[in-house]
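Understanding the architecture of this molecule
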Amino acid sequence: MAVSINYKGLNFRQAGELLKKAAADGEKQINLFNVNGQRYIAAGLKGNFFINIHGTPGNDLAAYMDGPEIFVMGNAQDGCCNTMNSGRVIINGSVGDIAGYAMRGGELFIKGNAGYRTGIHMKEYGDTVPVLVIGGRTGDFLGEYMAGGIIIVLGLGMEPCDEIVGNFCGTGMHGGVMYIRGKINPHKLGKEVKSVEMEEKDYILLEKYLKQFCAYFNESLHIIEESSFQKIVPFNKRPYGNLYTPH
Amino acid sequence: MALSFKMPEFLIKRQVETCSKCLLCVKQCANKVHYYDEKNDSFLTADENCVGCHRCAVICPTRSIYILKYPLEFRRNAYWTEETIKQIYKQAESGGILLAGTGTDRDYPIYWDKILINASQVTNPSIDPLREPMELKTFLGRRPKAITVEGKEIKEEIPPKLELEVPIMFAAMSFGAISLNAVKSLAKAAQKKGTYYNTGEGGLHRDLYQYGSNTTVQVASGRFGVHPDYLNAGAAIEIKIGQGAKPGIGGHLPGEKVGEEVSKTRMIPLGSDAISPAPHHDIYSIEDLRQLIFSLKEATDYKKPVGVKIAAVHNIAAIASGIARAGADFIVIDGFRGGTGAAPQRTRDNVGIPIELALAAVDSRLRDESIRNEVSLVVSGGIRNSADVIKAIALGADAVYIGTAALIALGCHMCQKCYTGKCNWGIATQDPQLTKRLDPEIGAQRAANLIKAWKHEIKDMLGGMGINAIESLRGNRLMLRGIGLTDTELKILGIKAAGE
């Protein structure tokens, strides 16, 4: 059974209490209606349940979240999945800045565009690998200081004058991998990363997440299958290892 | 290879008559200073490797090792000092940024030592803490502006508090910067003495969850090891914006220090650099800080105080006011003498302001704005003894953090080479051969002893002032007088000159 919460007129704390209570009661599907910029939705929530958001969630959606799955019928604002640990967030629209900041597990699928500093500081450990798929394009500093995880940018629906990523893509990156569809201007890349040949295992990985993406947003896998991808990886795990005077 | 100009800083002398040739010095020195030449049955030293940590001298059973300043006189020059020249040699060889460990060692004024404490004579009685109760208990956290009592209930929501038996906590030092045994020592000592230690930004090792009720967990820009269990494991959360030793810059834990356990705790791959950038990229304003504070409160159901740590910089008073208004439960101000495992030397030695002045400025500003009572103030950055604690509290602090003093209690000898990872005392290292030298039980006892001793001294001095509760000393600047200070300094400190 699904339970509904009407967010109309509620501040984030009041709304958060209702959502936490529903989660604590063991509800498996929670529908949030009239969401209008309330921050911190599902922040720190643990468990295995589904949240459906109607409206526009505010900043820090799913921050520190550990387990639940969220579907947003629209856009999300800044800090989506900030320091998220596990779970899945699907945004049927675009997101603001710093989506996936320091995310260390779970998945974030964005149908549209993402703002500045998307996926910065993502980290991975063992088999916990965060995945961030962006259907459109992103702003500057994509994957800055990235230490692990997977970022996929598809650039769907771009105008001819648009660039798929902004400047300083992968600056300070020292772990993880990015897959960018089509061509990327070399001057967009930070000096700590390089573009390398795609391998068989990369295609297998891409296919897995793109199938998911297409299923969530009704896209055709053909468009993507027929495209070329660039794989961006860091030169090494120690970008600043030689910056200092040895004792 | 070109000739290196690097010369030793220390000269090792061995008293051959008393040396028992036990070879402990050879085995224990991680810097490889001592060698034993079997063929000639004699000892050799590589003086240039010696950092002056005293490990060999202290463990030598026959006290046969002397460590002297290396006799290499530079022509006297008040401007181009020996230190300046040597640093240029180093950089000309490496092309790298100079690193330094611990707080700055430069000869800046120490305001603590220019402040004198009052005592009662005749007109108000002093109190003997041995026979009369003396209250040091301190609560940290936000307080409502006013409370209304209806029946027997307080109407306002009372925000969560930290309860300290003594107004001294162990400062943030990450597992990574220091060894697990060092963190365990502090955690156990905090538990014994009813206070708190701080994880730093290294995450929380699984062995440390048991000390949760005495733990403050830190959230810094790298967000290492931050997840819901971590946030909920501690008694409080501290957002680290800056650090006194290196205001305005981030931190790099070099990949060599990211071994199995550190990797697991920080949740990053083995051997990868752990990079904390200078800013939190989700904080560009006081409003953004408010957002991080409240996202943490939401994630922990408003059950934990959330503090913000900043370095003491020029505009500290205005910044602290903003932080108080952003909703922080406590503000930590780290002065320019604050310690570090590694900082660029130029930053460590030149950036920031003294904690004494920063504290006084912040306390005054928050009072002027009538918000001082709403937020707690914790200061750190070079608190050396109980008198510094008393002076800090009289200047307006609710509590202090000690970092360097706590490590010295564990055995640190202030060689300032924490960043090399070769700490012979098992503190600032992850090498299992070295870390096992620090027994957490003994370490905890030593750190707890330090707190115990300071507690007695604080009570003594409080009693001398005729005060029987630390609360009555808080911000009580009439208990302080300045000596050898300029009018401006006295004005900032808000204290009178001695004799006034």
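Residues numbered from 1 in each chain as written. Chains lettered and ligands numbered in written order. Predicted model: local features only at pLDDT ≥ 70, side-chain atom pairs only at ≥ 80, totals over all residues. Heavy atoms only, no water.

Residues and elements named next belong to chain B. Contact geometry of helix α8 (residues 316–326) with helix α10 (residues 355–368) gives a least axis separation of 8 Å together with a crossing angle of 50°. By the angle between their directions, the pair α8 and α10 is classed as oblique. Here the hand of the crossing between α8 and α10 comes out right-handed. Judged by residue contacts, I316, A317, A318, A320, S321 and A324 of α8 engage A358, A361, V362, R365 and L366 from α10. A per-class count over the contact of α8 with α10 returns nine nonpolar, one polar and one charged. (Axes fitted to C-alpha atoms, helices over the stretch in contact; angles between N-to-C directions. Helix = DSSP H or I, 4+ residues; strand = E, 2+ residues; numbered from the N terminus. Parallel < 35°, antiparallel > 145°, perpendicular 65-115°, else oblique. Left-handed = near helix turned anticlockwise from the far one by under 90°. Contact = heavy atoms within 4.5 Å. Nonpolar A, V, L, I, M, F, W, Y, C, P; charged D, E, K, R; others polar.)

This brings us to the environment of A215 of chain A. All names here are of chain A. Relative to the elements of secondary structure, A215 occurs in helix α2 (residues 200–217). Accessibility expressed as a relative area gives 58% for A215, which makes it exposed. Sequence separation between A215 and Q14 is 201 residues, and the spatial gap between their C-alpha atoms is 34 Å. (Buried < 20%, exposed > 50% of the residue type's maximum accessible area, 1.4 Å probe, protein only.)

Below, the discussion takes up the nonpolar core. General note: in soluble globular proteins, nonpolar side chains tend to be found buried as a group. Among the nonpolar cores identified, the biggest contains 112 residues, and F170, Y197, I402, I427, L462 and L473 of chain B are the most heavily contacted of them. Within the second largest apolar cluster, 49 residues are counted, among which are I53, C81, A114 and V165 of chain A. (Core = buried A, V, L, I, M, F, W, Y, C linked by side-chain atoms within 4.5 Å.)

Residues and elements named next belong to chain B. Across the sheet, three strands lie side by side as β6-β22-β23; this open sheet has mixed pairing. Among the strands making up the open sheet, the edge pair consists of β6 (115–117) and β23 (496–497). Where strand β22 (residues 480–482) meets β23, two bridges bridge the pair, whose relative direction is parallel. Bridge pairing in β23 places R481 opposite K496. Those strands touched by helix α11 (residues 386–395) are β6 and β22, and its axis lies near 95° from that of β6. (Pairing = 2+ DSSP bridges.)

All names here are of chain B. Once the domains are mapped, chain B shows domain 1 (10–100) and domain 2 (116–497). One C-alpha centre belongs to domain 1, the other to domain 2, and the line joining them spans 35 Å. Each partner contributes residues to the interface: domain 1 has 18 residues there, and domain 2 has 18 residues. Summed over both sides, the interface between domain 1 and domain 2 buries roughly 1,600 Å², with carbon and sulfur atoms accounting for 53% of that surface. At the junction of domain 1 with domain 2, the criterion picks out zero salt bridges. (Domains from an automatic or database assignment. Buried area = accessible area lost by both parts, 1.4 Å probe. Salt bridge = Lys/Arg side-chain N within 4 Å of Asp/Glu carboxyl O.)

All names here are of chain A. We note that the domain assignment places domain 1 (1–93) and domain 2 (115–239) within chain A. Placing the centre of domain 1 and that of domain 2 at their C-alpha centroids yields a distance of 26 Å. With both chains or domains summed, domain 1 and domain 2 bury close to 350 Å², and 62% of this area falls on carbon and sulfur atoms. The three residues of domain 1 that bury the most area against domain 2 are R88, I90 and N92, which together make up 69% of that side's buried surface. On the surface where domain 1 and domain 2 come into contact, there are zero salt bridges. Counting across the interface, domain 1 meets domain 2 through one residue pair in polar contact (both at pLDDT 80 or more). Counted by class, the side of domain 1 that touches domain 2 contains two nonpolar, two polar and one charged residues. (Polar contact = N/O pair within 3.5 Å; in protein donor to acceptor, adjacent residues only side chain to side chain.)

Residues and elements named next belong to chain B. Taken as a whole, the second largest pocket spans an internal volume of roughly 1,100 Å³. Lining the second largest pocket are 42 residues; nearest its centre among them are K6, E9, K86, K90 and K417. Those elements giving two or more residues to the lining of the second largest pocket turn out to be α3 (82–94), β5 (99–100) and α9 (345–350). Residue composition of the lining of the second largest pocket, by class: 18 nonpolar, 10 polar and 14 charged. (1 Å grid on protein atoms, 1.4 Å probe; cavity = no way out; pocket = protein on both sides within 12 Å on 5 of 7 lines; lining within 4 Å. Points joined across faces, edges and corners; volume = space filled by probe spheres on them.)

What follows is about the interface of chain B and chain A. At the interface, 50 residues of chain B touch 40 residues of chain A. Roughly 4,000 Å² is buried in total at the junction of chain B and chain A, and carbon and sulfur atoms are behind 55% of that figure. On the chain B side of the interface with chain A, the three residues burying the most area are H281, Q291 and E298 of chain B, jointly 17% of the side's total. Across the contact surface, chain B and chain A share four salt bridges. There are 22 residue pairs in polar contact (both at pLDDT 80 or more) connecting chain B and chain A.

This brings us to unusual backbone geometry. Leaving glycine out, the prevailing phi sign among residues is negative, and the prevailing peptide bond configuration is trans. At A102 of chain A, a residue that is not glycine, the phi angle is positive and equals roughly 55°. A relative accessible area of 0% means that A102 of chain A is categorised as buried. One non-glycine residue with positive phi stands out, namely K21 of chain B, at about 55°. In this fold, K21 of chain B is placed in the loop between β1 (10–14) and α1 (24–28).

Turning our eyes to something else, we now look at the sheet that holds strand β8 (residues 147–153) of chain A. All names here are of chain A. If you walk across this open sheet you meet the 11 strands as β1-β2-β3-β4-β5-β6-β7-β8-β9-β11-β10, and the pairing is mixed. Lying at the two open borders of the sheet, with one neighbouring strand each, are β1 (2–6) and β10 (193–196). Going from strand to strand, the sheet's axes swing by 15° on average, the running direction of each strand aside. The pairing of β10 with strand β11 (residues 229–234) spans four bridges and is classified as antiparallel. Bridged to V193 within β11 is P234. Most of the contacts of α2 go to strand β6 (residues 107–110), to which it runs at about 60°, and overall it touches β5 (86–91), β6, β7 (131–134), β8, β9 (175–181) and β11.

Residues and elements named next belong to chain B. On the surface, I147, V149, I154 and I158 cluster together to form a nonpolar patch covering roughly 360 Å² of accessible area. Tracing the backbone through its elements, the reader meets I154 in strand β9 (residues 153–154). Note on I154: relative accessible area 41%, which makes it partly exposed. (Patch = residues over 30% accessible without salt bridge, like charges linked within 9 Å, V, L, I, M, F, W, Y side chains within 5 Å. Areas by Shrake-Rupley, 256 points an atom, 1.4 Å probe, with all protein chains shown as cover.)

Residue and element names in this part refer to chain B. Contact geometry for helix α7 (residues 286–299) and α8: axes closest at 9 Å, N-to-C directions at 45°. Between α7 and α8, the angle is such that the two are oblique. When you trace α7 past α8, the crossing you get is right-handed. Residues I286, L289, R290, I293 and F294 of α7 form the contact with α8, whose own contacting residues are I319, G322, I323, R325 and A326.

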